[in-house]
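Here is what each chain is made of, one letter per residue.
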Amino acid sequence: MRIAVLVPAPDYPEPWRWAYDLEAEALTRAGASVEPIAWTETNELKGFDLILPLVAWGYHLDYQRWLDLLNHAELEHLPLINPPALLRWNSDKAYLAELGDEGVPTVPTIAVEAASDADLDEARRRFMTEWLVIKPQVSASAFGAHRLGPGDDLPWESRRKPMIIQPLIEEIGRTGEFSLMLFGGEYSHAVVKRPRAGDFRVQPYHGGETRPCAYPPDGAIELAKAALAVAPALATYARVDIIPDDEGKLRIMELELIEPALFLDHAADDGMAFTRSILSHLKTATA
């Protein structure tokens, strides 16, 4: 079987092989032939049994092209998983407000289409805090994210842009962010990510660190499953990022259903649940 894993465009500046290699090796051990294909090369996607956008990093930098790819996959019935409808839904962080509306404990989120200082005033009033985090509705890896304190205005690059506004959760600096990996809706393993002192971003290139997590906090698996149940389709693979708020309540930070690092090196089964989920999808699709 031939599997394409979508990877960054050739000019993408961040290293990505560390994530691709783990996932490709797990699939290869299961008998697949795996090829990295830049997600920008849509003309090279025919002839594969499955197409996985697992490392399609940078899609947020050329969003219309990304949407065109999803539309193309639907039109040509390409075997893309997760499916295009789910990827499209997850591409815009406004889904976080939808989760909250559905009663899923989520970091409180206001989605605005043309951000202004008035939106910050409304968020501070609604969240009852002077400390906020803003980020583009379409973003990844803390791209365009800002922490705003008392009296801070909206950064110029965020003005009149689609943004989400959230309260700053200070507990992330102490406890960190728990990332739960689920395959076919079932829990596999977890890691905990912590920012460097004084920061709120957990990504390694912002100084954050990732550590093994033998088991996530009580209730985290149930919360992850509840959040995924709101999504428009079943996620063959998912990473659910969860944090405790400043009162200790677990909340969804992100659903990563497009191109998440899955930290298979921390999976007790060496990624077997991951490959089993992928290959069972293949059997279903070809039945």
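How each quantity is defined
Note on numbering: residues in each chain are counted from 1, in written sequence order. Restriction of local features to residues with pLDDT of at least 70 applies here, the model being predicted, together with a cutoff of 80 or more for giving and counting side-chain atom pairs; totals for whole chains, interfaces and linings are based on all residues. Excluded from the side-chain calculations are hydrogens and water; all other atoms, namely the structure's heavy atoms, are used. Two strands are counted as paired when DSSP detects at least two bridges linking them. Put simply, DSSP H or I for four residues or longer makes a helix, DSSP E for two residues or longer makes a strand, and each gets a number counted from the N terminus. Helix axes use the C-alpha atoms of the stretch in contact, all axes being lines fitted to C-alpha atoms, and the angles between their N-to-C directions lie in the range 0 to 180 degrees. Should any heavy atoms of two residues lie within 4.5 Å, those residues are counted as being in contact. Should a side-chain nitrogen of Lys or Arg be within 4 Å of a carboxyl oxygen of Asp or Glu, the pair is scored as a salt bridge. Each residue's exposure class comes from its accessible area (1.4 Å probe, protein chains only) as a fraction of the maximum for that residue type: buried when under 20%, exposed when over 50%, partly exposed otherwise.

Caption draft 1: Main features of the sheet that holds strand β7 (residues 163–167). Read from one edge to the other, the open sheet built from four strands follows the order β4-β7-β5-β6, with strand pairing classed as antiparallel. In this open sheet, the two edge strands, each paired with only one partner strand, are β4 (110–112) and β6 (146–148). In this sheet, adjacent strand axes meet at a mean angle of 25° when their direction is disregarded. Sheet topology note: the strand β5 (residues 132–136)/β6 ladder contains three bridges and is antiparallel. Looking at β6, one finds that V133 is bridged to R147. Across the sheet, helix α5 (residues 117–127) lies against β4, β5, β6 and β7, angled at about 30° from β7, the strand it touches most.

Caption draft 2: Expanded view of the pattern of salt bridges. Following the criterion strictly, the structure yields 17 salt bridges and no others. Where E130 meets R124, a salt bridge forms, and the shortest distance between an N and an O atom there is 3.6 Å. When its relative accessible area of 39% is taken as the criterion, E130 is described as partly exposed. Accessibility expressed as a relative area gives 11% for R124, which makes it buried. Between E186 and K225 there is a salt bridge, and its shortest N-O distance comes to 3.4 Å. Taken together, the residues span a long stretch of sequence, with E186 in strand β9 (residues 186–194) and K225 in helix α6 (residues 220–230) at a distance of 39 residues. K225 gets classed as partly exposed once you look at its relative accessible area, which sits at 34%.

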